Every structure is written in structure tokens, then in C-alpha cells.
Amino acid sequence: MKKKVHNTTFSFVMTVVCIAFVVVAVLCATRLYDVQQRRERLLQESRQLNAQKQALLDQNDALQAQSAHSGDEIYIEKVARDQLDMVYPGEIIFRVSGE
């Protein structure tokens, strides 16, 4: 009779250990999934920030190039004519449409 009690106790302990193992495995899998999701979000954010950084560096380069010409009268006249449609008094602008 003692052997039966011992086997039942051993079976109960093994069942509890197996259940604990399954619970720990599920918790680890859930945590791993959360970590992977966070990693993907951080990688995406990093790519976006790098793209923004590159755009700002390009803009900075353009502004520095523009400021290098800021005292150049020929450059100022070109910008005034091309971007602001400015003309000297007495000049006439003819626009040709491609339609």
C-alpha cells in the first residue's frame, strides 16, 4: 500500500512540475514576442529618423551653399528673376505656354 501512495505523490509532483514548466514556457514565449515587436518598432523609428536626418543634412547643405552666394549680386539677381519673378523697371516678361 505504501508504494501506491508514493507513486501517487510522485505523479502529483510531476504534474505540478509539468504545469509550471508550461506556464513558464508560455510566459517566456509571450515576453519574446513582445521584445520582437518592440525591436521592429524601434528599427522602423530608427529608419525614419535616419531619413529625417539625411533630409535635414541635405537642407543644411543647400542653405550653406545659398549663404555662400548671399553676397554675390549675380546669384541674387538669378534667384530674384527665377524664383520671385522680379524684373528691372522697364523690362517686359513674355511667357510662352506649351499648350
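Whatever comes next refers back to the structure up there.
Just so it is clear, the structure is predicted and the values come from calculations on it, not from any experiment.

1. Topic: the overall build of the chain
Within the chain, the secondary structure is distributed over two helices and zero strands. On C-alpha atoms alone, the chain measures out to a radius of gyration of 37 Å, which is more than a quarter above the 13 Å that the 2.2 N^0.38 rule sets for 99 residues. Expressed along its principal axes, the backbone C-alpha trace of the chain runs to roughly 120 × 40 × 15 Å. The buried share among the 99 residues of the chain stands at 2%. Total accessible area on the chain stands at roughly 9,600 Å², and carbon and sulfur atoms take up 62% of it. One finds the centroid of the 12 positive side-chain charges in the chain at a distance of 34 Å from the centroid of its 12 negative side-chain charges.

2. Regarding a nonpolar patch on the surface
Taken together, the side chains of Phe12, Val13, Val16 and Val17 present a nonpolar region at the surface, about 360 Å² in accessible area. Along the chain, the position of Val16 falls in helix α1 (residues 2-68). Judged by relative accessible area, which is 42%, Val16 ranks as partly exposed.

3. Some words on the pattern of salt bridges
By the definition in use, this model includes four salt bridges. Salt-bridge contacts for Arg39 lead to Glu40; the nearest nitrogen and oxygen are separated by 3.8 Å. Two residues, Arg81 and Glu77, come together in a salt bridge whose shortest N-O distance is 3.0 Å. Of this pair, Arg81 and Glu77 both sit in helix α2 (residues 73-82), four residues apart, which is roughly one turn of that helix. Residue Glu77 is classed as partly exposed on the basis of its relative accessible area of 30%. One salt-bridge network, in which partners are shared between bridges, spans Glu77, Arg81 and Glu91.

The rules behind the values
- Residues numbered from 1 in each chain as written.
- Predicted model: local features only at pLDDT ≥ 70, side-chain atom pairs only at ≥ 80, totals over all residues.
- Heavy atoms only, no water.
- Helix = DSSP H or I, 4+ residues; strand = E, 2+ residues; numbered from the N terminus.
- Rg over C-alpha atoms; globule rule 2.2 N^0.38 Å.
- Buried < 20%, exposed > 50% of the residue type's maximum accessible area, 1.4 Å probe, protein only.
- Areas by Shrake-Rupley, 256 points an atom, 1.4 Å probe, with all protein chains shown as cover.
- Lys, Arg positive; Asp, Glu negative; His and termini not counted.
- Charge placed at Lys NZ, Arg CZ, Asp CG, Glu CD.
- Patch = residues over 30% accessible without salt bridge, like charges linked within 9 Å, V, L, I, M, F, W, Y side chains within 5 Å.
- Salt bridge = Lys/Arg side-chain N within 4 Å of Asp/Glu carboxyl O.

The analysis is restricted to geometry; functional conclusions fall outside its scope.
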